[in-house]
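The lines below spell out each chain.
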Amino acid sequence: MPGGGGLCLVECPSSTTTVRQTDSDESNDKLLCWVPTCIVLISQQPYFTLLKECLSTLIPQLKDKPYTLFHVLKEFTLQLTMVPIPPAGPVSINFLLGEVLTVHPPEHPDKPVVDITLHLPFLLFSVDQILQIVACILTQQRIVFLSHDFALITPIIECFMMYILPFKWPFVYVPVVWNAMLDLLEAPGCYIMGCSSAHRLRIAQIEGLVMVDLDRGQVQVCDTVKALPSIPTRAAEDFKEKFQQIRTGCFDIAMLSRPVAASFEAEKARREKLQRAFQRDITDLFLELLVIVFRDTSEYINTELRVFKQEDFLSSRAKEDREFYKQVLHTELFKQFKEDRLDQKKDYYTQMEKRSHRLSVIGGGSSGELSRLRKTSSLVSNPAEPKVMTRKSSVNDLSKSLPSTQKSVNFMMPPFRLPLSTPQTYYEECIDQLGYNIQSVKTPTVKASYLFLRGMFKIGCGRPLDGLDDFHSLHTTDLSIFPFRAVEQVIDALSIPDKEHLHKQDFYKKAEILRKISQRRKRPQLSQTPVLHPEDLPQEGVIEQSEFIKHMQYTEIAIDLDVIERVFNALTAAQGYLDTETFIYFHDAWKESEAEADEIPTCVFDHLLKNCETVLKLSSLIRSDFGTGRLVLTDKGILFFLIEGSNEYKEVILLRNIDKLEKFDSIYLVLQSAPALRIFSKRESDPPFVANLKAERNCWFTLITEMWAGRNISDAQKDPQVVQQAARNVLLLDAVIRSAENPGATHARHLDAAAWQLCHFTRLKSEGMAKVTPETSSVLVHKFNPSSNEAQRTTVEAMIYTPGKIGSDDDNHPRLWCAMGSGRVKVFNGSNFVLEAEIDEAKDRVCCLQLVRGDQVWAGSFDTTIYIIDVVSYTANKQLVEHDDIVSDITTDEDSSMAYTASLNGQVNVWDTQSLVLKNTINLDNTDKLVSIKYYKGNIWCCTKDDIRLVDLEGEELRRLQHIDAQGVPQLIEAFIIAHDMVWTGCGRQGVVACWDVNTLSKKKEMKVNCRGISRLVEVKGRIWAGSKQGKIHRFDCKTGKYMNELSAHDDAVRALCKAEDRYVITGAGSRDGKVAVWRAGAMRF
């Protein structure tokens, strides 16, 4: 079967019989004959119902004319082997085999087709028993299914195989064990087998089995099996509630309130439609169950280092559920699942996980989680950000955007005309019919399925190059169904002349996916990934900086390269290498400070959880104004809890309320004093707090000063992530100071200099970063680092804001899309700026973004490709590859029916945004710097840096604008916009903003500001916002051209500038700063 597998017919010699040879009455000779007792259909896809229907069509013919068996089977086999399996998508295939039969497609490219009655187990078992069986499979128990009806065993087991997807059973699986082979049940290892219930007593004597009795509806666990864990409680209860919602979708229940169809065919079609919908609900229900059980697995995975933090994951589970997770995490099923998550696989599990917006924390907090709470400031994720959405949704809501809910389309195969001259003749008919359908269809996913089928048919006809051309066309429709394995086999099978001819084809020159398919990167194996343990740390020699970075990242002490470099310099006195002994001292000090957090009383821990605070430092027993106890430094303030008496805690002060820190010697006996610390509050009514910290005084002074500076900078810059960065610095500082207590540590001889290396925010505060101008403070709303989960900051190349409804429960909420220099497109929630998705498809920088038709974002890259991203699923299964140079800008007309894409070499492509057909190509002469384009009133404005060219839609140049200064020197135009019938331009090498009449191109105004150059422009509410290469923002009045003021935005050039519904302006900076800032677009105080 072209397109993914074949139907194969074999005669099964499962029985022999002795036939007497009767040539004469006296003959007693016997002849041993093989007599076929059944007909078996074999397919690479689990089409149980379809194959049964196919076999059923043979019965009338063989019953009436049994002597025609051989001829009927020949025709039957020929017809079935000519029917293709459709790819994942909305297209089903109909073919005539006595009656019209349908081959349904899989719901997802990575998912097997569902062609079995999935609710059968619910007719035999309770919901609790079904969840118990699923738990047995996930924990890899030895399971035997029993029934007196062999026809029941295989469908039931296959249903459970469907239930556990994306987990796949990797061990022995024998649906029906022959009576003579029952010894297989005593084999070691995990397995799933089916047996006749007649052997129930014998099987019950085998140790270590879980018996699932289909006849009695029972699940029996052998006494030698350890206590079986159950599905986590919260997930199980949610599953039961959802099943009650969908059970009314069963055909027999759904039809109670509906009239009977007028014809048998209509009734059959309706029954099939309802049953498939019910099966889809069941698969989504089980998939959501697994999402709830495992969805926050990604929070404990570092994809760059390929590390899964298993112990942290287990400690975050509810105590009553930990046994289940302990068993599952050590299974082969979970190993494959974990590898897929480490590879960031975009499968149906990932899609469902993104669709679900419910709280995923199955277990509550406990005192055992304090160590993890304390560590969060050094992890990849930002603990200040909420990690999940809180939305209660139904299974139907969650599956709305999945491919399975697309409207189905049927492709009717041409009728078989027997006898066929050649298979190629029939395939040519199919190709012609598909070609007609491709010309008329407008839905991209339907077109993709047609192209896939036509490509397979062409290969079947001996036209591999034409088939590869169709597969190449999938890049504009749906790349998710691209048949990598089949294409690789076709290319490998080409003759040398055919390969040379292929390399000359235009489509091949542009199809990178075809050129590199045989060199695809193999998935790294988890077993080959080095995971460091304490015993793996170096024990002798010296550590170079590169090796130090690896150890710091793998042990998760820090991942940011700038931070790791500061720690390395602090420990080595900038000598370029670190002795192993010093690193071990530092690592041990880090672990000791983690363990100290467990000493905090429950009352203080509950307070920290309630206020989302992270423990940074715990003092030894000290005396203070509040009595004898211990001091606790958190990322929000300072607490003190009493050791004696009531064991209560008191809040000393919040970091933002600290006015001054003072070191002094406290006199507690005659002629006796001890080092102490005095903390002054900004509130005059609060007396200073005194803590006699003795030998710890200087350390606490340094740590509090760094955390205080971070809080001040965070408040001034309105960047909450700074607090977490300062908290990380405090933890590193503490570990450096602790490790210096060992005389053998290199930095013990210069501890003050080592500590100052890590006082990053203390130094920035002294440089004035904690203070901003009143103008900036009144307009700045929020700042964040979009690369906070990466080792290095990258440039924010472009941004767009897609509007929605703030607070919406569905997918209609605003989003901020950021194109990064790393090649990723990051999507943030537009109301709280929590990272929702990362699209990592581009092979180089993504430099431009454009919202198209409201449901797509087009991303242009340095790799000359435009990636089309679905705004709901965040998948980029479509690509435009017609550009020959870096894609520099994208724009659309008023209704987004046409899109215009530009590349640096002066090429402008015109696209129909619905069909993704290239309508026209415009080539500008004498330029290699076409950096931006705008569509305005039926024409295209093209900025080449040297000039701005106005061309019509046919490519004819109408006018040209050049910026010539007073000395007659042409100025470089870095950015331009069209607003209020005026063209505004920004010069790239000096601070000049000019305004031109859009009709005559005569200069109206020219404004100068003090900067190296203008990099970006945007107009909001009658004001021009100009981003400069020094990171400043300059504002002008649109009507008068009057300069308004300057805003301190970034520490690097403003590389991206966009507006959000005329309410906010959003800026993104170069990699030295790498941050995104959100500004109010309204009136500004001066």
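Residues numbered from 1 in each chain as written. Predicted model: local features only at pLDDT ≥ 70, side-chain atom pairs only at ≥ 80, totals over all residues. Heavy atoms only, no water.

Engineer: Let's hear about the environment of Q553: which residues, and what values?
Structural biologist: Along the chain, Q553 falls in helix α24 (residues 545–554). Of the residues examined, Q553 reaches a relative accessible area of 12% and is grouped as buried. Sequence separation between Q553 and L305 is 248 residues; the distance between their C-alpha atoms is 7.7 Å. Beyond its immediate chain neighbours, meaning those up to four positions away, Q553 contacts L305, A558, I559, L561, I564 and A791. In this structure the side chain of Q553 is engaged in a polar contact, spanning 3.1 Å, whose partner is the backbone oxygen of I559. (Helix = DSSP H or I, 4+ residues; strand = E, 2+ residues; numbered from the N terminus. Buried < 20%, exposed > 50% of the residue type's maximum accessible area, 1.4 Å probe, protein only. Contact = heavy atoms within 4.5 Å. Polar contact = N/O pair within 3.5 Å; in protein donor to acceptor, adjacent residues only side chain to side chain.)

Engineer: So, the nonpolar core: which residues are in play, and what are the values?
Structural biologist: Among soluble globular proteins, nonpolar side chains are generally buried collectively. L138, F145, I231 and F294 are the most contacted members of the largest nonpolar core, which has 67 residues in total. Sort the elements by how many residues they give to this core and helix α10 (residues 264–294) lands first, with 11 residues. Those residues in contact with F294 that sit more than four places away from it in its chain are F167, F324, Y325, V328, F334, F337 and Y349. Counting residues in hydrophobic clusters, the runner-up holds 59 residues, among them L655, L661, F689 and L732. (Core = buried A, V, L, I, M, F, W, Y, C linked by side-chain atoms within 4.5 Å.)

Engineer: With reference to specific residues and values, describe the pairing of strand β6 (residues 99–103).
Structural biologist: Here strand β5 (residues 91–97) runs beside β6; their pairing, made up of five bridges, is antiparallel. Bridged to F95 within β6 is L101. The turn joining β5 and β6, which pair antiparallel and follow one another in sequence, is formed by one residue; a positive phi near 80° is taken by G98. (Pairing = 2+ DSSP bridges.)

Engineer: Account for the pairing of strand β44 (residues 992–997), with residues named and values stated.
Structural biologist: In terms of residue burial, β44 counts as a mostly covered element, since six of its six residues are buried. A two-sided burial pattern is seen for β44, the buried positions comprising V992, A994 and W996 on one face and V993, C995 and D997 on the other. The sheet contact formed by strand β43 (residues 982–987) and β44 spans five bridges and is antiparallel. Bridge pairing links V983 to W996 in β44. Where β43 hands over to β44, the hairpin turn is made up of four residues, counted between the paired strands. As paired elements, β44 and strand β45 (residues 1003–1008) share five bridges and run antiparallel to each other. Within β45, the residue paired with V992 across the bridge is K1008. Connecting β44 to the next strand, β45, in antiparallel fashion are five residues, including L1001 with a positive phi near 60°.

Engineer: An account of the packing of aromatic side chains is requested, with residue identities and associated values reported.
Structural biologist: How two aromatic rings sit relative to each other is set out by the distance from centre to centre and by the angle between their planes. As enumerated under the stated definition, the model contains 36 aromatic pairs in all. Taken together, a centroid distance of 4.9 Å and an interplanar angle of 15° make the contact between F416 and Y426 stacked. Remark: Y426 occurs in helix α17 (residues 423–440) and F416 occurs in the loop between β14 (409–412) and α17; sequence separation between them is 10 residues. Residue Y426 is classed as buried on the basis of its relative accessible area, which comes to 1%. Here the aromatic residues F167, F294, Y300, F308, F313, F324, Y325, F334, F337 and Y349 are joined through ring pairs into a cluster of three or more. The ring of F701 carries K663 above its face, with NZ or CZ at 4.7 Å from the centroid. Directly above the aromatic system of W708 lies the positively charged group of K765, at a separation of 3.8 Å from the ring centroid. (Phe/Tyr/Trp six-rings, centres within 6.5 Å; stacked < 30°, edge-to-face > 60°. Lys NZ or Arg CZ within 6 Å of the ring centre and 35° of its normal.)

Engineer: Residues and numbers for the sheet that holds β43, please.
Structural biologist: The antiparallel open sheet is built from four strands, whose spatial order is β42-β43-β44-β45. Looking at which strands have only one partner, the edges of the open sheet turn out to be β42 (973–979) and β45. Strand-to-strand twist across the sheet, computed as the mean angle between neighbouring axes with direction ignored, equals 20°. Of the strand pairs in this sheet, β42 and β43 are connected by six bridges, and their pairing is antiparallel. (Axes fitted to C-alpha atoms, helices over the stretch in contact; angles between N-to-C directions.)

Engineer: Break down helix α14 (residues 348–355) for me, citing the residues and quoting the values.
Structural biologist: With seven of eight residues buried, α14 is to be regarded as a mostly interior element. Within α14, burial applies to Y348, Y349, T350, Q351, M352, E353 and R355.

Engineer: Give a description of a nonpolar patch on the surface that names residues and reports values.
Structural biologist: Together, L96, V100 and M412 make up a nonpolar patch on the protein surface, roughly 230 Å² of accessible area in all. Within the secondary structure, M412 sits in strand β14. (Patch = residues over 30% accessible without salt bridge, like charges linked within 9 Å, V, L, I, M, F, W, Y side chains within 5 Å. Areas by Shrake-Rupley, 256 points an atom, 1.4 Å probe, with all protein chains shown as cover. Salt bridge = Lys/Arg side-chain N within 4 Å of Asp/Glu carboxyl O.)

Engineer: Describe the packing of α17 against helix α18 (residues 444–460), and please don't skip the residues or the numbers.
Structural biologist: Across the interface, α17 lies against α18 with an axial gap of 9 Å and an inter-helix angle of 155°. When the axis of α17 is compared with that of α18, the two are roughly antiparallel. Between α17 and α18 lies a crossing whose hand is left-handed. Taken together, the residues of α18 that come into contact with α17 (itself represented by Q424, Y427, C430, I431, L434, G435, N437 and I438) are K447, Y450, L451, L453, R454, F457, K458 and G460. Tallied by class, residues from the contact of α17 with α18 come to nine nonpolar, four polar and three charged. (Parallel < 35°, antiparallel > 145°, perpendicular 65-115°, else oblique. Left-handed = near helix turned anticlockwise from the far one by under 90°. Nonpolar A, V, L, I, M, F, W, Y, C, P; charged D, E, K, R; others polar.)

Engineer: Run through the packing of α18 against helix α19 (residues 464–472), naming residues and quoting values.
Structural biologist: Where α18 meets α19, the axes come as close as 7 Å, and the angle between the chain directions of the two elements is 170°. Comparing the axis directions of α18 and α19 gives the class roughly antiparallel. For the pair α18 and α19, the sense of crossing is left-handed. For the pair α18 and α19, contact is made by L451, F452, R454, G455, M456, K458 and I459 and by P464, D466, G467, D470 and F471, respectively. Considering only residue class, the contact of α18 with α19 consists of six nonpolar, two polar and four charged.

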